[in-house]
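Single-letter residue listing:
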Amino acid sequence: MGELRLMKGNEAVAEAAIRAGCDGYFGYPITPQSEVMEYLMAEKPHDRTGMVVLQAESETASINMLYGAAGTGKMVMTSSSSPGISLMQEGISYMAGAELPAVIVNVVRGGPGLGTIQPSQADYFQAVKGGGHGDYKMIVLAPASVQEMCDHTKLGFDLAFKYRTPVMILSDGAIGQMMEKVVLFDPIPRRTDEDLIKQNPWAATGKPKDREHIIITSLDLDPAGQERVNLKLQAKYRKMEENEVLYETLNCEDAEYVFVAFGLSARICQKSMDLARAKGIKIGLFRPITLFPFPVKPMNELGKKVKGMLVVEMNAGQMIEDVKLSVGCSIKIEHFGRFGGIIPTPDEVVKALETQIIGG
Amino acid sequence: MEEPFVKTEIRKDENIVYKRTNLLVDRPLSYCPGCGHGVVHRMLMETLQEMDIQDKTIGVSPVGCSVLAYDFMNIDMLGAAHGRAPALATAIKRLWPHKFVFTYQGDGDLAAIGTAETIHACNRGENFTIIFINNGIYGMTGGQMAPTTLPGMRSSTSPYGRDVQTMGHPLKITELIANLPGVYYVTRQAVHTPNHVRKTKKAIRKALEQQKENKGIAFIEVVSNCNSGWKMTPVQSNKWMEENMFPFYPLGDIKVDGKLVEKKETVVKE
Ligand SMILES: Cc1ncc(C[n+]2csc(CCOP(=O)(O)OP(=O)(O)O)c2C)c(N)n1
Ligand code: SF4
Ligand SMILES: [Mg+2]
């Protein structure tokens, strides 16, 4: 078993990156995620593994540093919070278009605008539906614990390279800041440059005499060529939908109703579920772990068995659209949310269940 | 009766005094005839060949007329988003410290949208080379005003001439950059005559050689023409460049071996 530690979610991301064999981190301070770079700088990862950590001049610079490094096959990561992630959207779109692997962590805070530094889930649409310009998706992982902040970082790198795609970890200010025990996986050595070149023949690593030069770009001025790029991306997204869906169910076997929630909201719904079950309500919990690809089929199956669903989110109703698209209109599906950095209490979630779904 | 024309092959080894480097891909350049971009491409690729570092070089192209530089340069390259080439190059050089890394950027790319990335990469003293093509205009998008457009100069978005009161002054970013401690070598060159071409090539060689020493940024500005954007013939544009661009952007070394070169004040025509 790996090493057991008490850590903040943000620190777990940083430690997991070092242990996963990450080559470089580029970031810019913003609350509530600054601990990621602070932890990395304090850890001197260059001494530990040779990992490079650089404080960039802006999130625009960090994402483009990521683009440059990823284009040479290096394993790289950035983290930020909502306003910074907005600044990165052009770069993320370029990375999706050029098919570059990287992990981008969004420790979401309340918006819009400068908003608040308190936790929120209001960046669901931005993360799941593309965010930047053009038809693209990225894999989106939604950790609900410090343990998952660690595990998803490693999983994120694996998926990023498997599909040559940016992967987003969509966390929030509470998961990033709270301390929990976490079991750290054993360190994986960083790849040597020789291994990197062998494993990533697409990467721009310097042209030897015996191969064609490599061009990393998202540009194809010929519409037919650009359509081919798009078709290739779409085919890749269908593969992700087939192979990479992750979700968790709790007490769904006998459930008449379910909460659907991701990340921190799912943690709150666990408590609400206990409270409601104590009142005799047969309620379960469905927690999507990959927000893209969304667990469409299991949601649809569950929709055939229960009477109603309450989608609990810390936003004005975003994931509920995907839930409705998955389940259809046969049962009652309602949204309950608090916004702007307010975390719903377990009691108000139960009340919403009783008034909006059971009584409603 | 006329003698039939007999074509004799004269391209024999002993006759060849100059040959296109095979580091330039054998395809027609996308640049307008008369444009300086292609000459700089050739100087850069010839230098890489002479140093025998094709396999050790990673280049970054900008958004601008030279966006397709990677189609012409037979080396591994990445196409950056508009203005962000120095950010890409920073990360590449940090993670591949033994490679030769360069960015190739226009004036809109480097001195407007990418000013922050340019200044900060230079100020951090990253060990890569910046080739900066200053043609005083946005060539690619059809001749709009650039940060470097001269006072009074016409462009499609300053059709009555750049009015510095409302449109701001041209930015001498090269002089600005020369003052940063992370910058080791700064020079301003041109490519409109054989003599200037030779000097530019020498500067490129010097910059790349210095990457081995990890002394900081080498920054080469090439003041160039944009005959299409300036709405002139190539010959007119070169004359106009000599008469108007060079007084404002005087050629020569600005910083050598980490030290600013003493310069006599040049008179600027406004
Ligand atoms: C974010 C963004 N904004 C605007 C553009 C449009 N654009 C493309 S090239 C260019 C100007 C390029 O001018 P310059 O850097 O001087 O290069 P030149 O074509 O003159 O060599 C602009 C504004 C873009 N591609 N991306
Ligand atoms: S538009 Fe100007 S910069 Fe672009 S290729 Fe033509 S002459 Fe050169
Ligand atoms: Mg220009």
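It should be emphasised that the depicted structure is a prediction, and the values quoted were computed from it without experimental measurement.

Engineer: Please clarify how unusual backbone geometry should be interpreted in this entry.
Structural biologist: Glycine aside, a negative phi is what most residues show, and trans is what most peptide bonds show. All names here are of chain A. The omega torsion across Thr 31 and Pro 32 is 10 degrees, close enough to zero to call that bond cis. Relative to the helices and strands, Pro 32 resides in the loop between strand E2 (24–27) and helix H2 (35–43). Pro 293 follows Phe 292 through a cis peptide bond whose omega is -5 degrees. Position of Pro 293 among the secondary structure elements: in the loop between strand E13 (290–292) and helix H13 (296–305). For Arg 164, which is not glycine, the phi torsion reads 50 degrees and is therefore positive. Looking at the element boundaries, Arg 164 is found in the loop between helix H8 (146–163) and strand E7 (166–172).

Engineer: What am I meant to see in the interface of chain B and chain A here?
Structural biologist: Quite often, the size of an interface is put as the accessible area lost when its parts meet. Taken residue by residue, the interface counts 36 residues in chain B and 39 residues in chain A. Buried area between chain B and chain A, summed over both chains or domains, comes out near 2800 Å², and the portion from carbon and sulfur atoms is 62%. Together, Asp 76, Leu 95 and Trp 96 of chain B form the three largest contributors to the area buried by chain B at its contact with chain A, with a combined 26%. For the pair chain B and chain A, the interface holds three salt bridges. Ionic pairing is found between Arg 211 of chain A and Asp 76 of chain B, a salt bridge with its closest N-O pair at 2.7 Å. Scanning the region where chain B abuts chain A turns up 16 residue pairs in polar contact (both at pLDDT 80 or more). At the level of secondary structure, the elements contributing two or more residues to the side of chain B that touches chain A comprise strand E1 (57–61), helix H2 (69–72), strand E2 (76–79), helix H3 (85–95) and helix H5 (115–124) of chain B. It is H3 of chain B that provides the largest number of residues to the side of chain B that touches chain A, a total of seven residues. The class makeup of the residues in the side of chain B that touches chain A is 19 nonpolar, seven polar and ten charged. Alignment of strand E9 (residues 215–216) of chain A against E2 of chain B, held across two bridges, turns out to be parallel. Paired with Ile 216 of chain A across the strands is Leu 78 of chain B, a residue of E2 of chain B.

Engineer: Sorry, what's going on with the sheet that holds strand E5 (residues 102–108) of chain A here?
Structural biologist: Two strands in a sheet stick together by hydrogen bonds in their backbones, pointing the same way (parallel) or opposite ways (antiparallel). Residue and element names in this part refer to chain A. Strand order in this open sheet of seven strands is E3-E2-E4-E5-E7-E6-E13, and the pairing throughout is mixed. One side of each edge strand has no neighbouring strand; the edge strands of this open sheet are strand E3 (52–55) and E13. Taking each pair of neighbouring strands and ignoring which way they run, the sheet shows an average axis angle of 20 degrees. Where strand E6 (residues 139–141) lies against E7, three bridges are found, and the strand directions are parallel.

Engineer: Please explain the packing of aromatic side chains as it appears in this structure.
Structural biologist: To describe a pair of aromatic rings, one takes the distance between the centres and the angle between the planes. If you walk through the whole model with that rule in mind, you get nine aromatic pairs over all chains. Aromatic side chains Tyr 124 of chain A and Phe 125 of chain A sit 6.3 Å apart centroid to centroid with 65 degrees between the ring planes, which places their arrangement in the edge-to-face category. For the pair Phe 132 of chain B and Phe 219 of chain B, a centre-to-centre distance of 5.7 Å together with 55 degrees between the ring planes defines the contact as tilted. Of the two residues, Phe 132 of chain B sits in strand E4 (residues 129–134) while Phe 219 of chain B sits in strand E8 (residues 217–223), which places them 87 residues apart along the sequence. Each member of the pair Phe 132 of chain B and Phe 219 of chain B is classed as buried.

Engineer: When you look at the coordination of the magnesium ion (ligand 3) in this model, what are you seeing that I'm missing?
Structural biologist: For a metal bound by four donors in a tetrahedral arrangement, the ideal donor-metal-donor angle is 109.5 degrees, while six donors in an octahedral arrangement ideally sit at 90 or 180 degrees. All names here are of chain B. For the magnesium ion (ligand 3), the protein coordination sphere consists of Asp 107 (OD), Asn 135 (OD1) and Ile 137 (O), at 2.0 to 2.1 Å. In the primary structure, the donors to the magnesium ion (ligand 3) are separated according to the pattern D-x27-N-x1-I. Here Asn 135 and Ile 137 have matching classes, each one buried.

Engineer: So what exactly am I meant to see when it comes to the site of ligand 2 here?
Structural biologist: Around ligand 2 lies a shell formed by Tyr 31, Cys 32, Cys 35, His 37, Cys 65, Asn 135, Gly 139, Cys 226, Asn 227 and Ser 228 of chain B. Taken together, the residues of the shell around ligand 2 sort by class into five nonpolar, five polar and no charged.

Engineer: Explanation requested: H3 of chain B in the structure shown.
Structural biologist: Every α-helix carries 3.6 residues per turn, so stepping three or four residues along brings you back to the same face. Most of H3 of chain B is tucked away, with ten of its eleven residues classed as buried. Those residues of H3 of chain B lying buried are Ala 85, Pro 86, Ala 87, Leu 88, Ala 89, Thr 90, Ala 91, Ile 92, Lys 93 and Leu 95 of chain B.

Rules and cut-offs
Residues numbered from 1 in each chain as written. Chains lettered and ligands numbered in written order. Predicted model: local features only at pLDDT ≥ 70, side-chain atom pairs only at ≥ 80, totals over all residues. Heavy atoms only, no water. Helix = DSSP H or I, 4+ residues; strand = E, 2+ residues; numbered from the N terminus. Contact = heavy atoms within 4.5 Å. Buried area = accessible area lost by both parts, 1.4 Å probe. Salt bridge = Lys/Arg side-chain N within 4 Å of Asp/Glu carboxyl O. Polar contact = N/O pair within 3.5 Å; in protein donor to acceptor, adjacent residues only side chain to side chain. Nonpolar A, V, L, I, M, F, W, Y, C, P; charged D, E, K, R; others polar. Pairing = 2+ DSSP bridges. Axes fitted to C-alpha atoms, helices over the stretch in contact; angles between N-to-C directions. Phe/Tyr/Trp six-rings, centres within 6.5 Å; stacked < 30°, edge-to-face > 60°. Buried < 20%, exposed > 50% of the residue type's maximum accessible area, 1.4 Å probe, protein only. Donors = N, O, S within 2.8 Å, 3.2 Å for Na, K, Ca; no water. Near = heavy atom within 4 Å.

Any functional reading would require information beyond the geometric quantities listed.
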